Amino acid sequence: MSLAETAADVDPATNDAIEPALTRVILGAVAATLLFASLGQTIVSTALPIMVADLGGMDHITWVITAYLLASTVAAPLAGKLGDMYGRKLVLQVGIGIFTVGAVICGLAQGMGQVIAGRLVQGFGAGTLIVTSMATVGDLLPPRQRGMAQGMMGAAFGVSTVVGPLLGGFIVQTWNWHWIFFVNLPVGLLAFVILSTALPARSKGNTQPVDYAGAALLASLLACIVVLPNAAAEAGGWDSVPVLALAATGVAALGMFIRVETRAQAPILPLSLFRNNTFVVVNAVGFLVGMGMFGTITFLPLFLQVVKGVSPTASGLFLVPMMGGLIFASTMAGRVMSRTGRYKLMPTLSTGLLAAAMLGLTTLSQNSPLWLIASTLVLVGLGLGPVFSVGVAAIQNAIPRSQLGVGTASANMFRLIGGALGTAFFGAVFSAGLARNLAAHLPEAAGGLRALGAETLRALPPELQLRVMDGFSAALHPVFWMAAAAAALACLMSTRLRELPLGAA
(Lines give C-alpha, C1' and ligand atoms only; values in the text may rest on other atoms or scores of the structure.)
Protein backbone atom coordinates (compact mmCIF):
# COMPACT_ATOMS: atom_id res chain seq x y z
CA MET A 1 0.00 0.00 0.00
CA SER A 2 1.56 3.29 -1.07
CA LEU A 3 2.35 6.13 1.29
CA ALA A 4 0.15 8.44 -0.75
CA GLU A 5 -3.01 6.46 0.00
CA THR A 6 -5.82 8.31 1.62
CA ALA A 7 -6.20 7.98 5.38
CA ALA A 8 -8.79 5.42 6.32
CA ASP A 9 -9.99 7.58 9.17
CA VAL A 10 -11.27 10.63 7.30
CA ASP A 11 -12.89 11.67 4.05
CA PRO A 12 -10.82 10.83 0.96
CA ALA A 13 -9.73 14.43 0.47
CA THR A 14 -9.45 15.41 4.11
CA ASN A 15 -5.66 15.38 4.42
CA ASP A 16 -5.34 17.73 1.46
CA ALA A 17 -8.34 19.86 2.42
CA ILE A 18 -7.25 20.73 5.96
CA GLU A 19 -5.39 24.02 6.08
CA PRO A 20 -1.98 23.98 7.81
CA ALA A 21 -3.23 26.38 10.49
CA LEU A 22 -6.20 24.13 11.26
CA THR A 23 -3.93 21.09 11.32
CA ARG A 24 -1.82 22.80 13.98
CA VAL A 25 -4.94 23.54 16.03
CA ILE A 26 -6.03 19.89 15.80
CA LEU A 27 -2.57 18.64 16.74
CA GLY A 28 -2.55 21.02 19.70
CA ALA A 29 -5.88 19.61 20.85
CA VAL A 30 -4.58 16.06 20.35
CA ALA A 31 -1.48 16.87 22.44
CA ALA A 32 -3.72 18.38 25.14
CA THR A 33 -5.83 15.21 25.09
CA LEU A 34 -2.71 13.09 25.53
CA LEU A 35 -1.54 15.28 28.43
CA PHE A 36 -5.04 15.14 29.92
CA ALA A 37 -4.99 11.33 29.85
CA SER A 38 -1.43 10.82 31.05
CA LEU A 39 -1.83 13.31 33.92
CA GLY A 40 -4.68 11.16 35.17
CA GLN A 41 -2.16 8.40 35.79
CA THR A 42 0.70 10.35 37.36
CA ILE A 43 -1.19 12.87 39.51
CA VAL A 44 -2.41 10.18 41.92
CA SER A 45 0.95 8.89 43.20
CA THR A 46 1.65 11.62 45.78
CA ALA A 47 -1.98 11.66 46.98
CA LEU A 48 -2.23 7.92 47.73
CA PRO A 49 -1.05 8.13 51.39
CA ILE A 50 -3.60 10.87 52.10
CA MET A 51 -6.37 8.92 50.36
CA VAL A 52 -5.60 5.81 52.41
CA ALA A 53 -5.55 7.81 55.64
CA ASP A 54 -8.95 9.27 54.77
CA LEU A 55 -10.69 6.20 53.33
CA GLY A 56 -8.77 3.27 54.84
CA GLY A 57 -7.97 0.19 52.79
CA MET A 58 -4.16 0.07 52.91
CA ASP A 59 -4.34 -3.56 51.78
CA HIS A 60 -5.97 -2.42 48.52
CA ILE A 61 -3.64 0.47 47.73
CA THR A 62 -1.75 -1.31 44.95
CA TRP A 63 -5.03 -1.95 43.13
CA VAL A 64 -5.49 1.78 42.65
CA ILE A 65 -2.47 1.64 40.32
CA THR A 66 -3.08 -1.86 38.96
CA ALA A 67 -6.72 -1.16 38.01
CA TYR A 68 -5.65 1.84 35.94
CA LEU A 69 -2.79 -0.06 34.28
CA LEU A 70 -5.02 -3.05 33.57
CA ALA A 71 -7.79 -1.02 31.97
CA SER A 72 -5.46 1.14 29.87
CA THR A 73 -3.59 -1.94 28.60
CA VAL A 74 -6.83 -3.68 27.62
CA ALA A 75 -8.24 -0.51 26.03
CA ALA A 76 -5.22 0.12 23.78
CA PRO A 77 -5.76 -2.55 21.09
CA LEU A 78 -9.55 -2.20 21.25
CA ALA A 79 -9.41 1.56 20.71
CA GLY A 80 -6.88 1.17 17.92
CA LYS A 81 -9.11 -1.26 16.03
CA LEU A 82 -12.31 0.72 16.60
CA GLY A 83 -10.55 3.86 15.40
CA ASP A 84 -9.56 2.06 12.22
CA MET A 85 -13.16 0.95 11.70
CA TYR A 86 -15.24 3.93 12.83
CA GLY A 87 -12.86 6.90 12.80
CA ARG A 88 -10.61 8.61 15.35
CA LYS A 89 -13.00 11.48 16.05
CA LEU A 90 -15.74 9.29 17.46
CA VAL A 91 -13.30 7.18 19.50
CA LEU A 92 -11.63 10.31 20.93
CA GLN A 93 -14.99 11.77 21.94
CA VAL A 94 -16.08 8.53 23.60
CA GLY A 95 -12.65 8.20 25.29
CA ILE A 96 -12.87 11.69 26.80
CA GLY A 97 -16.37 10.88 28.05
CA ILE A 98 -15.28 7.59 29.65
CA PHE A 99 -12.24 9.22 31.27
CA THR A 100 -14.39 12.04 32.67
CA VAL A 101 -16.94 9.61 34.14
CA GLY A 102 -14.12 7.68 35.83
CA ALA A 103 -12.62 10.89 37.23
CA VAL A 104 -15.99 11.93 38.69
CA ILE A 105 -16.45 8.50 40.31
CA CYS A 106 -13.00 8.80 41.92
CA GLY A 107 -13.52 12.42 42.97
CA LEU A 108 -16.82 11.64 44.71
CA ALA A 109 -15.65 8.31 46.18
CA GLN A 110 -16.34 7.60 49.85
CA GLY A 111 -14.40 4.33 50.01
CA MET A 112 -11.33 2.68 48.50
CA GLY A 113 -13.50 0.26 46.54
CA GLN A 114 -15.19 3.17 44.78
CA VAL A 115 -11.80 4.72 43.99
CA ILE A 116 -10.61 1.45 42.44
CA ALA A 117 -13.81 1.18 40.37
CA GLY A 118 -13.36 4.77 39.19
CA ARG A 119 -9.72 4.15 38.31
CA LEU A 120 -10.77 1.14 36.26
CA VAL A 121 -13.14 3.31 34.22
CA GLN A 122 -10.65 6.17 34.04
CA GLY A 123 -7.86 3.85 32.89
CA PHE A 124 -10.00 2.49 30.07
CA GLY A 125 -10.64 6.05 28.90
CA ALA A 126 -6.96 6.96 29.20
CA GLY A 127 -5.80 3.95 27.20
CA THR A 128 -8.32 4.86 24.51
CA LEU A 129 -7.14 8.48 24.37
CA ILE A 130 -3.39 7.80 24.36
CA VAL A 131 -3.53 5.33 21.48
CA THR A 132 -6.07 7.26 19.41
CA SER A 133 -4.17 10.54 19.85
CA MET A 134 -1.01 8.98 18.40
CA ALA A 135 -2.96 7.35 15.58
CA THR A 136 -4.57 10.69 14.72
CA VAL A 137 -1.10 12.10 14.06
CA GLY A 138 -0.62 9.34 11.49
CA ASP A 139 -3.90 10.28 9.83
CA LEU A 140 -3.20 14.01 9.62
CA LEU A 141 0.46 14.11 8.61
CA PRO A 142 2.60 12.50 5.90
CA PRO A 143 5.25 10.02 7.14
CA ARG A 144 8.15 12.50 7.13
CA GLN A 145 6.29 14.95 9.39
CA ARG A 146 5.03 12.33 11.81
CA GLY A 147 8.45 11.95 13.44
CA MET A 148 8.48 15.48 14.88
CA ALA A 149 4.83 15.23 15.95
CA GLN A 150 5.39 11.88 17.69
CA GLY A 151 8.42 13.43 19.38
CA MET A 152 6.11 16.11 20.76
CA MET A 153 3.72 13.41 21.98
CA GLY A 154 6.60 11.70 23.76
CA ALA A 155 7.49 15.04 25.34
CA ALA A 156 3.90 15.34 26.62
CA PHE A 157 4.36 11.99 28.40
CA GLY A 158 7.55 13.28 29.98
CA VAL A 159 5.89 16.50 31.13
CA SER A 160 3.02 14.58 32.75
CA THR A 161 5.46 12.32 34.61
CA VAL A 162 7.14 15.35 36.18
CA VAL A 163 4.17 17.70 36.59
CA GLY A 164 1.64 15.07 37.75
CA PRO A 165 3.21 14.14 41.11
CA LEU A 166 4.10 17.77 41.88
CA LEU A 167 0.60 18.99 41.02
CA GLY A 168 -0.96 16.17 43.02
CA GLY A 169 1.15 17.04 46.05
CA PHE A 170 0.25 20.73 45.78
CA ILE A 171 -3.48 19.98 45.52
CA VAL A 172 -3.63 17.63 48.53
CA GLN A 173 -1.72 20.16 50.63
CA THR A 174 -3.79 23.15 49.48
CA TRP A 175 -7.30 21.63 49.23
CA ASN A 176 -7.97 17.88 49.52
CA TRP A 177 -7.34 14.73 47.50
CA HIS A 178 -10.77 14.77 45.82
CA TRP A 179 -9.70 17.72 43.66
CA ILE A 180 -6.88 15.82 41.92
CA PHE A 181 -9.53 14.08 39.84
CA PHE A 182 -11.25 17.32 38.81
CA VAL A 183 -8.35 19.69 38.19
CA ASN A 184 -7.61 18.77 34.58
CA LEU A 185 -11.20 18.22 33.44
CA PRO A 186 -11.31 21.73 31.88
CA VAL A 187 -8.39 20.68 29.64
CA GLY A 188 -10.36 17.63 28.51
CA LEU A 189 -13.48 19.72 27.90
CA LEU A 190 -11.53 22.21 25.77
CA ALA A 191 -9.93 19.37 23.77
CA PHE A 192 -13.37 17.79 23.27
CA VAL A 193 -14.80 21.04 21.89
CA ILE A 194 -11.86 21.67 19.54
CA LEU A 195 -11.75 18.09 18.24
CA SER A 196 -15.52 18.00 17.77
CA THR A 197 -15.35 21.19 15.72
CA ALA A 198 -12.10 20.86 13.77
CA LEU A 199 -11.35 17.14 13.32
CA PRO A 200 -13.16 15.71 10.27
CA ALA A 201 -15.42 12.74 10.87
CA ARG A 202 -15.29 9.60 8.80
CA SER A 203 -17.90 9.80 6.07
CA LYS A 204 -17.64 6.21 4.83
CA GLY A 205 -19.46 3.79 7.08
CA ASN A 206 -17.88 0.57 8.34
CA THR A 207 -19.15 -2.62 6.71
CA GLN A 208 -16.94 -5.13 8.52
CA PRO A 209 -18.18 -7.10 11.53
CA VAL A 210 -16.66 -6.33 14.92
CA ASP A 211 -14.43 -9.14 16.21
CA TYR A 212 -16.11 -9.45 19.60
CA ALA A 213 -14.66 -12.90 20.34
CA GLY A 214 -11.11 -11.75 19.56
CA ALA A 215 -11.60 -8.60 21.64
CA ALA A 216 -12.85 -10.58 24.65
CA LEU A 217 -10.00 -13.12 24.44
CA LEU A 218 -7.35 -10.42 24.01
CA ALA A 219 -8.78 -8.52 26.98
CA SER A 220 -8.68 -11.72 29.05
CA LEU A 221 -5.09 -12.42 28.03
CA LEU A 222 -3.91 -8.90 28.84
CA ALA A 223 -5.79 -8.92 32.14
CA CYS A 224 -4.02 -12.14 33.17
CA ILE A 225 -0.62 -10.68 32.26
CA VAL A 226 -1.15 -7.43 34.18
CA VAL A 227 -2.85 -8.96 37.24
CA LEU A 228 -0.46 -11.93 37.56
CA PRO A 229 2.38 -10.03 39.33
CA ASN A 230 -0.06 -8.52 41.85
CA ALA A 231 -1.65 -11.90 42.48
CA ALA A 232 1.76 -13.49 43.04
CA ALA A 233 2.71 -10.76 45.51
CA GLU A 234 -0.51 -11.15 47.50
CA ALA A 235 -0.29 -14.95 47.45
CA GLY A 236 3.31 -14.88 48.65
CA GLY A 237 4.82 -16.63 45.63
CA TRP A 238 4.38 -17.79 42.07
CA ASP A 239 3.66 -21.43 42.97
CA SER A 240 0.34 -20.87 44.74
CA VAL A 241 -2.83 -22.42 43.30
CA PRO A 242 -4.57 -19.09 42.45
CA VAL A 243 -1.47 -17.80 40.61
CA LEU A 244 -1.01 -21.04 38.67
CA ALA A 245 -4.72 -21.02 37.78
CA LEU A 246 -4.45 -17.44 36.54
CA ALA A 247 -1.38 -18.30 34.47
CA ALA A 248 -3.18 -21.31 32.98
CA THR A 249 -6.14 -19.07 32.12
CA GLY A 250 -3.78 -16.72 30.31
CA VAL A 251 -2.22 -19.55 28.31
CA ALA A 252 -5.65 -20.86 27.36
CA ALA A 253 -6.79 -17.37 26.34
CA LEU A 254 -3.68 -17.01 24.16
CA GLY A 255 -4.32 -20.29 22.38
CA MET A 256 -7.99 -19.50 21.78
CA PHE A 257 -7.14 -15.96 20.65
CA ILE A 258 -4.74 -17.22 17.99
CA ARG A 259 -7.32 -19.68 16.74
CA VAL A 260 -10.09 -17.04 16.58
CA GLU A 261 -7.91 -14.42 14.89
CA THR A 262 -6.90 -16.79 12.09
CA ARG A 263 -10.58 -17.12 11.15
CA ALA A 264 -11.90 -13.61 11.86
CA GLN A 265 -12.94 -11.44 8.91
CA ALA A 266 -11.67 -8.27 10.63
CA PRO A 267 -9.38 -9.47 13.48
CA ILE A 268 -8.89 -7.17 16.47
CA LEU A 269 -5.10 -7.73 16.20
CA PRO A 270 -4.24 -9.12 12.75
CA LEU A 271 -1.71 -11.92 13.09
CA SER A 272 -0.25 -10.87 9.74
CA LEU A 273 1.37 -7.95 11.57
CA PHE A 274 3.68 -10.41 13.30
CA ARG A 275 5.23 -11.14 9.90
CA ASN A 276 6.10 -7.46 9.54
CA ASN A 277 9.75 -6.83 10.45
CA THR A 278 9.17 -3.29 11.73
CA PHE A 279 6.17 -4.30 13.85
CA VAL A 280 8.03 -7.20 15.50
CA VAL A 281 11.36 -5.45 16.07
CA VAL A 282 9.92 -2.15 17.33
CA ASN A 283 7.55 -3.88 19.77
CA ALA A 284 10.27 -6.23 21.02
CA VAL A 285 12.49 -3.22 21.68
CA GLY A 286 9.59 -1.41 23.37
CA PHE A 287 8.90 -4.41 25.60
CA LEU A 288 12.54 -4.61 26.73
CA VAL A 289 12.90 -0.86 27.20
CA GLY A 290 9.65 -0.78 29.19
CA MET A 291 11.21 -3.21 31.63
CA GLY A 292 14.19 -0.93 32.17
CA MET A 293 12.17 2.27 32.40
CA PHE A 294 9.62 1.04 34.93
CA GLY A 295 12.35 -0.67 36.93
CA THR A 296 14.22 2.62 37.27
CA ILE A 297 11.13 4.61 38.17
CA THR A 298 10.05 2.05 40.76
CA PHE A 299 13.27 1.23 42.59
CA LEU A 300 15.52 4.26 42.38
CA PRO A 301 13.31 6.45 44.63
CA LEU A 302 13.49 3.66 47.24
CA PHE A 303 17.28 3.80 47.17
CA LEU A 304 17.28 7.58 47.47
CA GLN A 305 14.91 7.58 50.44
CA VAL A 306 16.32 4.65 52.42
CA VAL A 307 20.06 4.85 51.68
CA LYS A 308 20.61 8.52 50.85
CA GLY A 309 18.04 9.90 53.30
CA VAL A 310 16.26 11.97 50.68
CA SER A 311 12.65 12.97 51.37
CA PRO A 312 9.86 11.35 49.31
CA THR A 313 9.18 14.62 47.48
CA ALA A 314 12.86 15.16 46.69
CA SER A 315 13.25 11.56 45.52
CA GLY A 316 10.44 12.19 43.05
CA LEU A 317 12.21 15.31 41.83
CA PHE A 318 15.24 13.16 40.97
CA LEU A 319 13.19 11.79 38.09
CA VAL A 320 13.13 15.30 36.56
CA PRO A 321 16.64 14.90 35.02
CA MET A 322 15.55 11.62 33.46
CA MET A 323 12.40 13.15 31.99
CA GLY A 324 14.38 16.19 30.83
CA GLY A 325 16.69 13.89 28.90
CA LEU A 326 13.70 11.93 27.56
CA ILE A 327 11.91 15.07 26.34
CA PHE A 328 15.05 16.46 24.68
CA ALA A 329 15.99 13.18 22.99
CA SER A 330 12.43 12.45 21.88
CA THR A 331 12.06 15.91 20.34
CA MET A 332 15.46 15.83 18.62
CA ALA A 333 14.84 12.34 17.24
CA GLY A 334 11.58 13.58 15.77
CA ARG A 335 13.35 16.49 14.08
CA VAL A 336 16.00 14.23 12.61
CA MET A 337 13.32 11.93 11.20
CA SER A 338 11.42 14.87 9.73
CA ARG A 339 14.52 16.29 8.03
CA THR A 340 16.16 13.12 6.78
CA GLY A 341 13.45 10.47 6.66
CA ARG A 342 15.90 8.04 8.31
CA TYR A 343 15.57 6.51 11.75
CA LYS A 344 17.25 3.07 12.06
CA LEU A 345 20.44 4.24 13.75
CA MET A 346 18.69 6.22 16.51
CA PRO A 347 17.13 3.35 18.51
CA THR A 348 20.36 1.37 18.23
CA LEU A 349 22.43 4.24 19.63
CA SER A 350 19.88 5.21 22.28
CA THR A 351 19.40 1.69 23.65
CA GLY A 352 23.18 1.29 23.76
CA LEU A 353 23.35 4.49 25.82
CA LEU A 354 20.54 3.20 28.03
CA ALA A 355 22.48 -0.03 28.67
CA ALA A 356 25.57 1.99 29.64
CA ALA A 357 23.51 4.18 31.99
CA MET A 358 21.97 1.12 33.65
CA LEU A 359 25.46 -0.30 34.13
CA GLY A 360 26.34 2.95 35.88
CA LEU A 361 23.44 2.42 38.31
CA THR A 362 24.85 -1.00 39.27
CA THR A 363 27.57 0.82 41.20
CA LEU A 364 25.18 2.72 43.49
CA SER A 365 26.18 2.74 47.14
CA GLN A 366 25.77 4.89 50.22
CA ASN A 367 28.82 6.88 49.05
CA SER A 368 27.43 7.69 45.60
CA PRO A 369 27.11 11.49 45.24
CA LEU A 370 23.66 12.81 44.36
CA TRP A 371 25.02 14.77 41.39
CA LEU A 372 26.36 11.55 39.87
CA ILE A 373 22.98 9.83 40.28
CA ALA A 374 21.22 12.80 38.64
CA SER A 375 23.71 12.79 35.76
CA THR A 376 23.19 9.07 35.20
CA LEU A 377 19.44 9.62 35.10
CA VAL A 378 19.91 12.20 32.34
CA LEU A 379 21.61 9.46 30.31
CA VAL A 380 18.73 7.10 31.07
CA GLY A 381 16.31 9.69 29.69
CA LEU A 382 18.44 10.28 26.60
CA GLY A 383 18.38 6.53 26.00
CA LEU A 384 14.62 6.25 26.39
CA GLY A 385 13.46 9.24 24.33
CA PRO A 386 14.21 8.14 20.75
CA VAL A 387 12.69 4.69 21.32
CA PHE A 388 9.25 6.20 21.88
CA SER A 389 9.18 8.72 19.04
CA VAL A 390 10.96 6.50 16.48
CA GLY A 391 8.96 3.37 17.30
CA VAL A 392 5.48 4.74 16.66
CA ALA A 393 6.51 6.62 13.51
CA ALA A 394 8.32 3.56 12.12
CA ILE A 395 5.32 1.27 12.70
CA GLN A 396 2.91 3.76 11.14
CA ASN A 397 5.18 3.97 8.10
CA ALA A 398 5.42 0.20 7.66
CA ILE A 399 1.80 -0.95 7.88
CA PRO A 400 -1.31 -0.30 5.77
CA ARG A 401 -3.35 2.75 6.73
CA SER A 402 -6.31 0.48 7.43
CA GLN A 403 -4.29 -0.95 10.36
CA LEU A 404 -2.83 2.34 11.60
CA GLY A 405 -4.71 2.33 14.90
CA VAL A 406 -3.92 -1.30 15.70
CA GLY A 407 -0.24 -0.80 14.89
CA THR A 408 -0.03 2.33 17.03
CA ALA A 409 -1.80 0.59 19.91
CA SER A 410 0.69 -2.27 19.82
CA ALA A 411 3.60 0.04 20.69
CA ASN A 412 1.86 1.21 23.85
CA MET A 413 0.57 -2.27 24.73
CA PHE A 414 3.92 -4.09 24.54
CA ARG A 415 5.69 -1.33 26.47
CA LEU A 416 3.12 -1.55 29.28
CA ILE A 417 3.35 -5.35 29.36
CA GLY A 418 7.13 -5.13 29.58
CA GLY A 419 6.83 -2.63 32.41
CA ALA A 420 4.35 -4.75 34.37
CA LEU A 421 6.30 -7.99 34.04
CA GLY A 422 9.67 -6.29 34.51
CA THR A 423 8.58 -4.52 37.68
CA ALA A 424 7.22 -7.77 39.13
CA PHE A 425 10.33 -9.79 38.24
CA PHE A 426 12.72 -7.08 39.43
CA GLY A 427 10.69 -6.76 42.62
CA ALA A 428 11.02 -10.46 43.32
CA VAL A 429 14.78 -10.33 42.78
CA PHE A 430 15.09 -7.24 44.98
CA SER A 431 13.01 -8.78 47.78
CA ALA A 432 15.08 -11.96 47.69
CA GLY A 433 18.26 -9.89 47.87
CA LEU A 434 16.96 -7.94 50.84
CA ALA A 435 16.05 -11.13 52.67
CA ARG A 436 19.47 -12.62 51.95
CA ASN A 437 21.43 -9.49 52.93
CA LEU A 438 19.44 -8.01 55.80
CA ALA A 439 17.24 -10.60 57.52
CA ALA A 440 19.96 -11.35 60.07
CA HIS A 441 20.59 -7.65 60.80
CA LEU A 442 17.08 -6.26 61.31
CA PRO A 443 15.47 -7.14 64.65
CA GLU A 444 11.92 -8.49 64.46
CA ALA A 445 10.99 -6.18 67.31
CA ALA A 446 11.52 -3.25 64.92
CA GLY A 447 9.34 -4.85 62.29
CA GLY A 448 12.07 -6.64 60.33
CA LEU A 449 12.18 -6.25 56.58
CA ARG A 450 8.50 -5.36 56.34
CA ALA A 451 9.09 -2.12 58.27
CA LEU A 452 12.31 -1.15 56.51
CA GLY A 453 12.27 2.53 55.65
CA ALA A 454 14.18 5.74 56.18
CA GLU A 455 12.83 6.28 59.72
CA THR A 456 13.47 2.67 60.74
CA LEU A 457 17.00 2.85 59.41
CA ARG A 458 17.85 6.08 61.26
CA ALA A 459 16.66 4.51 64.53
CA LEU A 460 19.27 1.73 64.30
CA PRO A 461 22.77 1.94 65.83
CA PRO A 462 25.30 3.65 63.48
CA GLU A 463 27.26 0.47 62.75
CA LEU A 464 24.09 -1.45 61.91
CA GLN A 465 22.91 1.44 59.73
CA LEU A 466 25.99 1.05 57.54
CA ARG A 467 25.41 -2.69 57.17
CA VAL A 468 21.77 -2.19 56.24
CA MET A 469 22.59 0.51 53.68
CA ASP A 470 25.25 -1.70 52.12
CA GLY A 471 22.83 -4.64 52.03
CA PHE A 472 20.06 -2.51 50.53
CA SER A 473 22.37 -1.20 47.80
CA ALA A 474 23.66 -4.69 47.05
CA ALA A 475 20.08 -5.99 46.70
CA LEU A 476 19.41 -3.33 44.04
CA HIS A 477 22.48 -4.09 41.95
CA PRO A 478 21.02 -7.24 40.30
CA VAL A 479 17.93 -5.21 39.31
CA PHE A 480 20.02 -2.73 37.36
CA TRP A 481 22.23 -5.49 35.93
CA MET A 482 19.10 -7.11 34.50
CA ALA A 483 17.82 -3.76 33.26
CA ALA A 484 21.17 -3.21 31.53
CA ALA A 485 20.94 -6.68 29.98
CA ALA A 486 17.41 -5.91 28.72
CA ALA A 487 18.64 -2.63 27.19
CA ALA A 488 21.62 -4.38 25.58
CA LEU A 489 19.28 -7.01 24.11
CA ALA A 490 17.05 -4.18 22.83
CA CYS A 491 20.12 -2.62 21.20
CA LEU A 492 20.92 -5.92 19.52
CA MET A 493 17.30 -6.35 18.41
CA SER A 494 17.18 -2.85 16.90
CA THR A 495 20.02 -3.75 14.53
CA ARG A 496 17.60 -6.21 12.90
CA LEU A 497 15.23 -3.40 11.95
CA ARG A 498 14.81 -3.01 8.19
CA GLU A 499 14.53 0.71 7.60
CA LEU A 500 11.81 2.00 5.28
CA PRO A 501 12.68 5.68 4.69
CA LEU A 502 9.88 8.07 5.56
CA GLY A 503 8.24 9.69 2.55
CA ALA A 504 7.62 13.41 2.32
CA ALA A 505 4.01 12.99 1.21
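A. The pattern of salt bridges, seen in detail. Following the criterion strictly, the structure yields three salt bridges and no others. We note a salt bridge from Arg88 to Asp84, for which the minimum N-O separation is 2.9 Å. The pair formed by Arg88 and Asp84 is uniform in burial state, with each residue classed as buried. With its nearest N and O atoms 2.7 Å apart, the salt bridge here joins Arg88 to Asp139. Of this pair, Arg88 sits in helix α5 (residues 88–107) while Asp139 sits in helix α6 (residues 112–140), placing them 51 residues apart in sequence. Each member of the pair, Arg88 as well as Asp139, carries the same accessibility label: buried.

B. Geometry of the environment of Leu416. Along the polypeptide, Leu416 turns up in helix α16 (residues 404–438). Linking Leu416 and Phe294, residues 122 residues apart in sequence, is a C-alpha distance of 9.0 Å. Here Leu416 is in contact with Leu69, Ser72, Thr73 and Phe294, once residues within four sequence places are set aside.

C. Geometry of the side chain of His178. For His178, the position within the fold is in the loop between α7 (143–174) and α8 (185–198). On the basis of relative accessibility, which here comes to 19%, the residue His178 falls in the buried class. Within the structure, His178 has its side chain in polar contact with the backbone oxygen of Gly107 (distance 2.6 Å). Among residues more than four places away in sequence, those in contact with His178 are Asp54, Gly107, Ala109 and Gln110.

D. Looking closely at the nonpolar core. Ranked by internal contacts, the top residues of the largest apolar core, which has 84 residues, are Phe303, Val380 and Leu384. Of all the secondary-structure elements, those providing two or more residues to this core are α4 (61–86), α9 (212–235), α11 (277–306), α13 (319–340), α14 (345–361), α15 (370–398), α16 and α18 (462–494). Sequence-distant contacts of Phe303, that is, excluding residues within four places in its chain, are made with Lys308, Leu364, Ser365, Ile373, Phe472, Ser473 and Leu476. Ala109, Ala126, Ile171 and Val172 belong to the second-largest nonpolar core, a separate cluster that totals 43 residues.

E. Up close: a nonpolar patch on the surface. Among the surface-exposed residues, Leu82, Tyr86, Leu90 and Val94 lie close enough to one another that they form a single nonpolar patch of about 330 Å² accessible area. Those elements giving two or more residues to the nonpolar patch turn out to be α4 and α5. Mapped onto the secondary structure, Leu90 falls in helix α5. Given a relative accessible area of 44%, Leu90 falls into the partly exposed group.

F. Representation of the packing of α5 against α8 in the model. Their axes nearest at 10 Å, the elements α5 and α8 cross at an angle of 160°. Taken together, the axes of α5 and α8 are roughly antiparallel relative to one another. Classified by chirality, the crossing of α8 by α5 is left-handed. Note on element contacts: α8 touches α5 through Leu185, Gly188, Ala191, Phe192, Leu195 and Ser196, opposite Lys89, Leu92, Gln93, Ile96, Thr100 and Ala103. Tallied by class, residues from the contact of α5 with α8 come to seven nonpolar, four polar and one charged.

G. View of the packing of α13 against α15. Where α13 meets α15, the closest approach of the two axes is 6 Å, and the angle between their N-to-C directions is 35°. Along this stretch, α13 crosses α15, giving a crossing that reads as right-handed. Per-class residue counts for the contact of α13 with α15 are 17 nonpolar, six polar and no charged.

Parameters at a glance
- Residues numbered from 1 in each chain as written.
- Predicted model: local features only at pLDDT ≥ 70, side-chain atom pairs only at ≥ 80, totals over all residues.
- Heavy atoms only, no water.
- Salt bridge = Lys/Arg side-chain N within 4 Å of Asp/Glu carboxyl O.
- Buried < 20%, exposed > 50% of the residue type's maximum accessible area, 1.4 Å probe, protein only.
- Helix = DSSP H or I, 4+ residues; strand = E, 2+ residues; numbered from the N terminus.
- Contact = heavy atoms within 4.5 Å.
- Polar contact = N/O pair within 3.5 Å; in protein donor to acceptor, adjacent residues only side chain to side chain.
- Core = buried A, V, L, I, M, F, W, Y, C linked by side-chain atoms within 4.5 Å.
- Patch = residues over 30% accessible without salt bridge, like charges linked within 9 Å, V, L, I, M, F, W, Y side chains within 5 Å.
- Areas by Shrake-Rupley, 256 points an atom, 1.4 Å probe, with all protein chains shown as cover.
- Axes fitted to C-alpha atoms, helices over the stretch in contact; angles between N-to-C directions.
- Parallel < 35°, antiparallel > 145°, perpendicular 65-115°, else oblique.
- Left-handed = near helix turned anticlockwise from the far one by under 90°.
- Nonpolar A, V, L, I, M, F, W, Y, C, P; charged D, E, K, R; others polar.

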